Amino acid sequence: MLSGVRSLCKGWSARGMSLSPRQINRWPSYESSEPPTDCPRVLITGGLGQLGVGLAQMLRKQYGKENVILSDIRRPPTEVYNMGPFVYADVLDYKNLRELVVNNRITWLVHYSALLSAIGEANVALVSTIPDVPHSVLPLLSHLALENCLRLFVPSTIGAFGPSSPRDPAPDLCIQRPRTIYGVSKVHAELMGEYLHHKYGLDFRCLRYPGVVSAHTKPGGGTTDYAVQIFHDALSSGHHECYLRSNTRLPMMHISDCHRATIEFMQAPESQLSLRTYNIAAMSFTPEEVAEEIRKHLPYLRVTYNPDTIRQTIADSWPVRFDDSNARQDWGWKPAYGLSELVTDMLASIREKKNNAGLPVS
């Protein structure tokens, strides 16, 4: 697989880097300087993770099922097939990906493949070689986007900051220096995308997500995933063992706010953007604070703390708050969920899922 990555990247280098800025025109000269956004055609790669399916559903409500294609290298559940178009897509198969883009008249490319922070630290060699991390696949996607005048979205994360970054709050532009392979790959993606925007006019867009809290997917190995697991535990056993200290404060966001921020950012005209990579924020809380909010609904919840060395070290290197003033000023970002709204929604959603599945709820 590694040799395949090298050969494909070498091929991209021969094709893409030989282009001069004058040879790349984002949009024909007789058209507006902005791409058409009234009804984009969207391809989402890595679409079966925490974010892809929900984003596709939200986009389909706006633009129609036929205009949003979900893709992954895994077989999707039947319900995902029934929601709208799904295709198999390996992001390193440039020829196949190019055919998908051309044949489906894609205008937005959203790249969601990733390994999360704690998983990555346990598998550094794997993260350094697999094709779905941004530093290895971004050149291929960027060339595809340039060649076909696509708007390219690649998410970043709280993990792009490190212990020398300002923590309260972390601004959009500052020293980053992450100490996880997950964070390093995200910073690489941010910088490479911005470079290709300035050098060749790539319409690259990137949001640094805080911890994303969702009832629709199981925790996947991220440092902030306790903020999902605690709701499942509260409704099943009434006890949660937290792998972070009780006072570990981190930025968090309800998944619907995350999807909405992504769509609003993608819809924003380029002329409104002062940056290519923005922080977005909603709330910031500790494990004990979210536990106290849950106890307003489930007073019997008991939380014990058994800090995991890897995850606690990662959390201690991250910001406790995001400064998202640029996103609010440039394209009107504003969250809808605070901590109380998040807790109420998560408990109701997980309870409904358990009831529908015939599982006991305490």
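- Identification of the protein as L-threonine 3-dehydrogenase, mitochondrial from Cyprinus carpio is taken from an unreviewed UniProt entry.
- Looking at the protein in UniProt, the text filed under Catalytic activity (unreviewed entry) is "L-threonine + NAD(+) = (2S)-2-amino-3-oxobutanoate + NADH + H(+)".

## Remarks on the sheet that holds strand S10 (residues 250–254)
(1) Moving on: The mixed open sheet is built from three strands, whose spatial order is S8-S10-S12. The open sheet has two edge strands with one neighbour each: strand S8 (211–213) and strand S12 (283–285). Pairs of neighbouring strands in the sheet enclose a mean axial angle of 45°, with direction left out of account.
(2) Moving on: Judged from the three bridges that link them, S8 and S10 form a sheet pairing that is parallel. Bridge pairing links Gly-211 to Met-252 in S10.
(3) Moving on: Across the sheet, helix H10 (residues 255–267) touches S8 and S10, and the angle it forms with S10 is around 80°.

## Considerations on the packing of aromatic side chains
(1) Moving on: In total, this model carries 11 aromatic pairs according to the counting rule given.
(2) Moving on: Between the aromatic rings of Phe-153 and Tyr-209, the centroid separation amounts to 6.3 Å while the plane-to-plane angle is 40°, which identifies the pairing as tilted. Of this pair, Phe-153 sits in strand S5 (residues 151–153) while Tyr-209 sits in strand S7 (residues 203–209); the two residues are 56 residues apart in sequence, bridging distant segments of the chain. Neither Phe-153 nor Tyr-209 differs from the other in exposure class; each is buried.
(3) Moving on: Taken together, a centroid distance of 5.5 Å and an interplanar angle of 80° make the contact between Phe-265 and Tyr-278 edge-to-face. One end of the pair, Phe-265, is in helix H10; the other, Tyr-278, is in strand S11 (residues 277–279), and 13 residues separate them in sequence.

## What about the pairing of S7?
(1) Moving on: The buried fraction of S7 amounts to seven of the seven residues, a majority that puts the element mostly inside the structure.
(2) Moving on: Going residue by residue along S7, you find Asp-203, Arg-205, Leu-207 and Tyr-209 tucked away on one face and Phe-204, Cys-206 and Arg-208 tucked away on the opposite face as well.
(3) Moving on: Pairing between S5 and S7: three bridges, direction parallel. Following the sheet pairing, Arg-151 is matched in S7 by Asp-203.
(4) Moving on: Relative to S7, strand S6 (residues 156–157) runs parallel, the two sharing two bridges. Each residue of the ladder has a partner; that of Thr-157, found in S7, is Tyr-209.
(5) Moving on: Sheet analysis places S7 next to S11, joined by three bridges and oriented parallel. Of the residues in S11, the one forming a bridge with Cys-206 is Thr-277.

## Let's talk about the packing of helix H11 (residues 287–295) against helix H14 (residues 339–356)
(1) Moving on: It is at 10 Å that the axes of H11 and H14 come closest, and there the two elements cross at 60°. On the basis of their axis angle, the class for H11 and H14 is oblique. Crossing geometry of H11 relative to H14 is assigned as right-handed. On H14, the residues touching Glu-289, Val-290, Glu-293 and Ile-294 of H11 are Leu-339, Ser-340, Val-343 and Leu-347.
(2) Moving on: Residues of the contact of H11 with H14, tallied by class, amount to five nonpolar, one polar and two charged.

## Digging into the confidence of the model for the protein
(1) Moving on: Looking at the protein as a whole, the pLDDT averages 86, with 83% of positions reaching at least 70.
(2) Moving on: Note on residues 1–36: pLDDT under 50 across the span, and 45 contacts to partners over four residues away in sequence or across chains.
(3) Moving on: Confidence drops under pLDDT 50 across residues 126–135; counting only partners more than four residues distant or on other chains, this segment forms 26 contacts.

## Some details on unusual backbone geometry
Glycine aside, negative phi is the norm for most residues, and most peptide bonds take the trans geometry.
(1) Moving on: A cis amide bond, omega 0°, links Asp-168 with the succeeding residue Pro-169.
(2) Moving on: Relative to the helices and strands, Pro-169 is located in the loop between S6 and helix H8 (181–200).
(3) Moving on: In this model, Arg-105 sits at a positive phi of 50°, which is unusual for a non-glycine residue.
(4) Moving on: Looking at the secondary structure, you find Arg-105 in the loop between helix H4 (94–103) and strand S4 (108–111).
(5) Moving on: Of note, Arg-177 is a non-glycine position whose phi angle comes to about 50°, a positive value.
(6) Moving on: Along the chain, Arg-177 falls in the loop between S6 and H8.
(7) Moving on: Judged by its relative accessible area of 63%, Arg-177 is exposed.

What counts, and where the lines are drawn
Residues numbered from 1 in each chain as written. Predicted model: local features only at pLDDT ≥ 70, side-chain atom pairs only at ≥ 80, totals over all residues. Heavy atoms only, no water. UniProt positions renumbered as here; feature names shortened; annotations may be inferred. Pairing = 2+ DSSP bridges. Helix = DSSP H or I, 4+ residues; strand = E, 2+ residues; numbered from the N terminus. Axes fitted to C-alpha atoms, helices over the stretch in contact; angles between N-to-C directions. Contact = heavy atoms within 4.5 Å. Phe/Tyr/Trp six-rings, centres within 6.5 Å; stacked < 30°, edge-to-face > 60°. Buried < 20%, exposed > 50% of the residue type's maximum accessible area, 1.4 Å probe, protein only. Parallel < 35°, antiparallel > 145°, perpendicular 65-115°, else oblique. Left-handed = near helix turned anticlockwise from the far one by under 90°. Nonpolar A, V, L, I, M, F, W, Y, C, P; charged D, E, K, R; others polar. pLDDT = per-residue confidence, 0-100.

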